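For reference, the chains in residue letters:
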Amino acid sequence: MNTKKITRINKGSGSHWVGDGFPVTTMFSYQTQTEEISPFLLLDYAGPTEFESSEKARGVEKHPHRGFETVTIVYQGELEHSDNSGNAGKIGPGDVQWMTAGRGIIHEEMHGREFTRKGGTLEMVQLWVNLPAKDKMSQPKYQEILNSNIPVVNLTGDAGVMRLIAGEYKGTKGIANTFTDVNLWDMRLNGGHKTELNLPDGHNTSILVLSGKVIVNNTETLEGKELAQFSLEGEQILVDIQDDSVLLLMSGQPIDEPVVGRGPFVMNTAEEIQAAMKDYGAGLF
Ligand code: MN
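Remember, predicted model here, so these are calculated numbers, not experimental data. (Residues numbered from 1 in each chain as written. Predicted model: local features only at pLDDT ≥ 70, side-chain atom pairs only at ≥ 80, totals over all residues. Heavy atoms only, no water.)

A. Quick peek at the overall build of the protein chain. In terms of regular secondary structure, the protein chain is built from two helices and 24 strands. Computed over the C-alpha atoms, the radius of gyration of the protein chain is 18 Å, within 12% of the 19 Å expected from 2.2 N^0.38 for a compact globule of 285 residues. Burial statistics for the protein chain: of 285 residues in total, 54% are counted as buried. Considering only contacts within the protein chain whose residues lie at least 6 apart along the sequence, 73% involve residues at least 24 apart. Counting every atom, the protein chain has about 12,400 Å² of accessible surface; 47% of that belongs to carbon and sulfur. Positive and negative side-chain charges in the protein chain, numbering 25 and 38 respectively, have mean positions lying 3 Å apart. (Helix = DSSP H or I, 4+ residues; strand = E, 2+ residues; numbered from the N terminus. Rg over C-alpha atoms; globule rule 2.2 N^0.38 Å. Buried < 20%, exposed > 50% of the residue type's maximum accessible area, 1.4 Å probe, protein only. Contact = heavy atoms within 4.5 Å. Areas by Shrake-Rupley, 256 points an atom, 1.4 Å probe, with all protein chains shown as cover. Lys, Arg positive; Asp, Glu negative; His and termini not counted. Charge placed at Lys NZ, Arg CZ, Asp CG, Glu CD.)

Here's what the structure looks like:
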């Protein structure tokens with residue numbers, strides 16, 4: 001089996017605040033790479049951060065999106081969201097919210113109220129998944145995926161577990177419905193073991209290390225807040241697990257279409273971005 005080659009290592013450097021709730025490091029973005037990360041657009045990682053107890057709500061106030069999906073995974077802490085179509089929910093450790101902005105939503109993303117009052121550690125990831133042109137104006141929707149509903153695969157040789165948020169691994173299917181072929185695997189790996197990950201040839205692939213230490217393809221050592229990108233070609237990635245580690249793997253079939261984005265809108269042309277801003281301004285979301 002051919003190994004997927006490492007094409008790039010992104011070491012998370014610096015962070016910026018999204019609203020007053022999310023001190024994130026951008027691990028990749030369509031602003032600097034397009035084809036190499038497609039069908040993904042953006043990966044923000046908010047590493048473990050302590051928040052003091054507060055009476056004041058923290059997060060990102062109401063804002064719009066159009067043309068793609070946001071996938072939010074909570075590792076520690078608690079988030080609450082609500083949108084203009086009446087959806088609202090709360091997600092905690094292990095839970096995932098898969099939001100399809102489609103033609104347009106307006107939502108807010110806040111820390112959980114109880115979490116804010118008590119204070120504590122927040123750790124989360126938000127991944128933006130692009131939609132093909134034909135689905136960019138589809139009906140907005142949410143998939144609220146609770147920890148307990150996510151299929152778990154035990155890796156051979158006691159290497160750990162893989163939680164299948166989306167895609168498929170050795171015959172087990174992930175829980176999320178996706179528009180294009182996407183794997184999203186939350187892996188909890190045991191130090192001192194090795195594992196071979198089998199992936200489709202033709203998928204762009206990235207692995208984010210949230211914590212721990214692994215050696216990938218016998219060459220590159222990755223630790224917390226580091227991300228490796230891999231070639232489309234190849235069907236295998238070797239992971240030598242040095243310490244207990246938490247990894248997020250995302251792979252997908254590239255969407256071979258132009259990407260034009262501005263802030264919370266990602267479309268195919270500048271005209272469609274203008275239309276998104278106009279529609280939002282006119283209250284059509
Ligand atoms: Mn948002």
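Let us keep going from here.
B. Structural context of the sheet that holds strand β7 (residues 79-83). If you walk across this open sheet you meet the four strands as β5-β10-β7-β8, and the pairing is antiparallel. Only two strands of the sheet have a single partner each, and these edge strands are β5 (59-65) and β8 (88-91). Along the sheet, successive strands turn relative to each other by an average axial angle of 15°, direction set aside. Both β7 and β8 contribute to a ladder of four bridges, which runs antiparallel. Bridging from a neighbouring strand, L79 pairs with I91 of β8. (Pairing = 2+ DSSP bridges. Axes fitted to C-alpha atoms, helices over the stretch in contact; angles between N-to-C directions.)

C. Main features of helix α2 (residues 270-281). Taking 1.5 Å per residue, 12 residues should reach 16 Å; α2 reaches 17 Å between its end C-alpha atoms and fits that length. Positive backbone phi, approximately 75°, marks G283, located one or two places after α2. (Expected span 1.5 Å × (residues − 1).)

D. Geometry of the coordination of the manganese ion. Protein coordination at the manganese ion comes from H63 (NE2), H65 (NE2), H107 (NE2) and E109 (OE), with a distance range of 2.2 Å. Motif for the manganese ion, donor spacing along one chain: H-x1-H-x41-H-x1-E. Highlighted residues: H65 in strand β5 and E109 in strand β10 (residues 105-111), separated in sequence by 44 residues. Taken individually, H65 and E109 each receive the classification buried, so the pair is uniform in this respect. (Donors = N, O, S within 2.8 Å, 3.2 Å for Na, K, Ca; no water.)

E. Examining a negative patch on the surface more closely. Together, E35, E36, D256 and E257 make up a region of like negative charge exposed at the surface. With respect to the element layout, E257 can be found in the loop between β22 (236-252) and β23 (260-262). Since its relative accessible area comes to 30%, E257 is described here as partly exposed. (Patch = residues over 30% accessible without salt bridge, like charges linked within 9 Å, V, L, I, M, F, W, Y side chains within 5 Å. Salt bridge = Lys/Arg side-chain N within 4 Å of Asp/Glu carboxyl O.)

F. Seen up close, the environment of R58. Along the polypeptide, R58 turns up in the loop between β4 (40-51) and β5. The buried category is assigned to R58, whose relative accessible area is 12%. Separated by 58 residues in the primary sequence, R58 and T116 have C-alpha atoms spaced 7.3 Å apart. Excluding residues that lie within four positions of it along the chain, R58 makes contacts with D20, G21, F51, E52, M110, H111 and T116. A polar side-chain atom of R58 sits 3.0 Å from the main-chain carbonyl oxygen of E52. (Polar contact = N/O pair within 3.5 Å; in protein donor to acceptor, adjacent residues only side chain to side chain.)

G. Broad picture of the pattern of salt bridges. Inspection of the entire model under this criterion finds 11 salt bridges. Put simply, R163, D186 and R188 are held in one network by salt bridges that share partners.

H. Examining the environment of D240 more closely. Positionally, D240 belongs in strand β22. Spatially, the C-alpha atom of D240 lies 6.3 Å from that of V216, the residues being 24 residues apart in sequence. At a separation of 3.3 Å, a polar atom in the side chain of D240 contacts the side chain of Q242.

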